[in-house]
Every structure is written in C-alpha cells, then in structure tokens.
Amino acid sequence: LAKTTQPISMDSYEGQEVNITCSHNNIATNDYITWYQQFPSQGPRFIIQGYKTKVTNEVASLFIPADRKSSTLSLPRVSLSDTAVYYCLAPIYNQGGKLIFGQGTELSVKP
Amino acid sequence: SQTIHQWPATLVQPVGSPLSLECTVEGTSNPNLYWYRQAAGRGLQLLFYSVGIGQISSEVPQNLSASRPQDRQFILSSKKLLLSDSGFYLCAWSAQGPNYGYTFGSGTRLTVV
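Procedures and definitions
In this convention, every chain numbers its residues from 1, walking through the sequence in written order. Chain letters and ligand numbers both follow the written order, the letters beginning at A and the numbers at 1. Totals for whole chains, interfaces and linings use all residues, but because this is a predicted model, local features are given only for residues with pLDDT of at least 70 and pairs of side-chain atoms are given and counted only at 80 or more. Remark: hydrogens and water are excluded; side-chain values derive from all non-hydrogen atoms of the structure. Labels follow the DSSP assignment, with helices taken as runs of H or I lasting at least four residues and strands as runs of E lasting at least two, numbered in each case from the N terminus. Here's how the labels work: a residue is buried when its accessible area is under 20% of the maximum for its type, exposed when over 50%, partly exposed in between, all with a 1.4 Å probe on protein chains only. What sets the accessible areas is the Shrake-Rupley method with a 1.4 Å probe; for residues, cover comes only from the shown protein chains. Neither His nor the chain ends is counted toward charge; the positive residues are Lys and Arg and the negative residues Asp and Glu. Think of each charge as sitting on NZ of Lys, CZ of Arg, CG of Asp or CD of Glu. What counts as a ring pair is set by centres within 6.5 Å for rings of Phe, Tyr and Trp (its six-membered ring), and what kind of pair is set by the plane angle: stacked under 30 degrees, edge-to-face over 60, tilted for all other angles. We call a charge positioned above a ring when the Lys NZ or Arg CZ atom is no farther than 6 Å from the ring centre and deviates by at most 35 degrees from the ring normal. Any two strands with at least two DSSP-identified bridges between them are counted as paired. Note on method: axes are straight lines fitted to C-alpha atoms, helices fitted across the in-contact stretch only, with angles between N-to-C directions ranging 0 to 180 degrees. A pair of cysteine sulfur atoms is labelled a disulfide when the two atoms are within 2.5 Å.

S.K.: Please give an account of the overall build of chain B that cites residues and values.
M.R.: The number of helices and strands found in chain B is zero helices and 11 strands. Across the 113 residues in chain B, those meeting the buried criterion constitute 50%. Working note: accessible area of chain B is about 5100 Å², and carbon and sulfur atoms make up 54% of it. When the 7 positive and 5 negative side-chain charges of chain B are each reduced to one mean point, those points stand 8 Å apart.

Below you can see the structure in the form of structure tokens.
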C-alpha cells in the first residue's frame, strides 16, 4: 500500500500558480498517482491522474519524476473558487484500484 | 452519461434507531461501488466496497453493514445507530479496473442524537 504524504495546508493569492507536492516513497510499479479536489459538504472530484513525466488537462498539470517517489500538482492562476482540500492518492492496483484517502492539503486562496 | 444518486441529503436519527442509505448508479454496468464516511470535515474513511452483486468487503469493524441487491444499487444500513455513527457519508463508483477514477455522490449528512 503506497502511503502518501502531503502538506496539511497551504495559502495562496488569486492569480498565483500553486504547486502541491506529494511524496510516495513506496509506490508500486503498477500504481498510478491520482489527485482529487473536495469542497465542504461535497464529495471529492477527480482532477488528474498520471504515471510518469507530465500530464496536463484543462484544470491542472501533474509532474511525476522518473523515480516516481513524489508528484506535484500544479494549479495555474488560482482563483478564490479553488479553495478546497486536495488529495494525493495511489489507487491500489492489485485491489481493483481501491482508494485510501489521507488528510489531504487544505488550500486557501485569498484575494 | 453516467450519474450517481445518493439520498437522503440530510438525516437526523435518534440513538438506537435503524438506518438505510441508498445509492444508485445510472449509465454503466458492473461498476465497483464504495461507501466512505467523513468525520469532522476531513479524512474520508473507506467503509465498504463491492465489485459485484452480493460481494461486499468491509474495511473496518463497525456498527454498519452494506448490501448490493442489484448491479447498480448499494445500500448502507444499521440496526441500531450510535452517536459515533454521525458523519458525512459518501457513495462512489468506478469502472472495473485499477486505473479508473472515482465519481462520488453528493453525500448524506447523518446526525445521530
């Protein structure tokens, strides 16, 4: 089971780029890295997933170095509505992709 | 497109009363289904998951049970609620396989009084 470690909280200002780094030293060969976003009183929402190098979609970018022991979620030009908890997860490959959530990173975007 | 429905949105129940929360998925077949609980606004805890009808795996010992009577229906139950059962309950589904993202329902806020 790949344990992930990420900062408990981060502060930013509108318009800035935010990078949240997650460490996963014992990630298994077949495991992907997945990030979710959660607003208060809502279910988490899938943001992005990757295996190696860089993945980009309309919401974020995900950078995973060659050793795959860490990953960085990059949110370009954040707005107040990006204030949320962000979870870094490694779905358990040999258990059908089961997700075990940690505490996540509480991102606060200020005006 | 696929959708997930979860109800009720909020529930206040007395200690010792039974519980039944229902979750249904539309637009897909043979999904993996999950029940999570979130207490104090952080830390989702996986309670149960199911890979098929009648197949339930329990992650933690607790006062709750789950059932999957139909392919796209997942039910969370309790015979007698405890105060510690209060929390935000979330149902989720994913396609079969290890690299598919989860889609979560809108959640049920349960308060046991």
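Now that the structure has been shown, we can carry on.
S.K.: Provide a residue-level description of the packing of aromatic side chains, including the pertinent values.
M.R.: Across all of its chains, the model carries 13 aromatic pairs over all chains by this definition. Relative to phenylalanine 104 of chain B, the ring of tyrosine 36 of chain A has its centre 6.3 Å away and its plane inclined at 85°; by these criteria the two rings are edge-to-face. Highlighted residues: tyrosine 36 of chain A in strand β3 (residues 33-38) and phenylalanine 104 of chain B in strand β10 (residues 103-104), drawn from two different chains. Phenylalanine 104 of chain B matches tyrosine 36 of chain A in its accessibility class, with the two residues each being buried. When the ring of tyrosine 87 of chain A is compared with that of phenylalanine 101 of chain A, the centres are 5.1 Å apart and the planes differ by 85°; the resulting orientation is edge-to-face. Taken together, the positions of tyrosine 87 of chain A in strand β8 (residues 84-89) and phenylalanine 101 of chain A in the loop between β8 and β9 (105-110) put the pair 14 residues apart, joining distant regions of the chain. The exposure class assigned to phenylalanine 101 of chain A is buried, which follows from its relative accessible area of 8%. Each member of the aromatic cluster is reached from another via a ring pair, and the members are Tyr36, Phe46, Tyr87 and Phe101 of chain A together with Tyr34, Tyr36, Tyr49, Tyr102 and Phe104 of chain B. Above the face of the tyrosine 51 of chain A ring, arginine 68 of chain A is positioned so that its terminal group lies 3.9 Å from the ring centre.

S.K.: Any chance you could break down the pairing of strand β1 (residues 3-7) of chain B for me, citing the residues and the numbers?
M.R.: Residues and elements named next belong to chain B. Across the two faces of β1 the burial differs, with Ile4 and Gln6 buried and Thr3, His5 and Trp7 not buried at all. Pairing between β1 and strand β3 (residues 19-26): five bridges, direction antiparallel. From the neighbouring strand, isoleucine 4 faces β3, where its bridge partner is valine 25.

S.K.: Could you give an account of the sheet that holds strand β8 (residues 73-78) of chain B, with specific residues and numbers?
M.R.: Residues and elements named next belong to chain B. The strand order across the open sheet formed by four strands is β1-β3-β8-β7, and the pairing between neighbours is antiparallel. The sheet terminates laterally at β1 and β7 (65-70), the two strands that pair on one side only. For this sheet the average axis-to-axis angle between neighbouring strands, irrespective of direction, equals 20°. As paired strands, β3 and β8 are joined by six bridges and run antiparallel to one another. Directly across from leucine 19, in β8, lies its bridge partner serine 78.

S.K.: Just give me the short version of the state of the cysteines, but keep the residues and values in it.
M.R.: Residues and elements named next belong to chain B. For the structure on display, the rule yields two disulfides over all chains. Two residues, cysteine 23 and cysteine 91, share a disulfide whose sulfurs are 2.0 Å apart. Note on the cysteine 23 and cysteine 91 pair: the S-S dihedral is about -75°, so by sign convention the disulfide is left-handed. Of this pair, cysteine 23 sits in strand β3 while cysteine 91 sits in strand β9 (residues 87-94); the two residues are 68 residues apart in sequence, bridging distant segments of the chain. Overall, the relative accessible area of 0% leaves cysteine 23 in the buried class. What makes cysteine 91 buried here is its relative accessible area of 0%.

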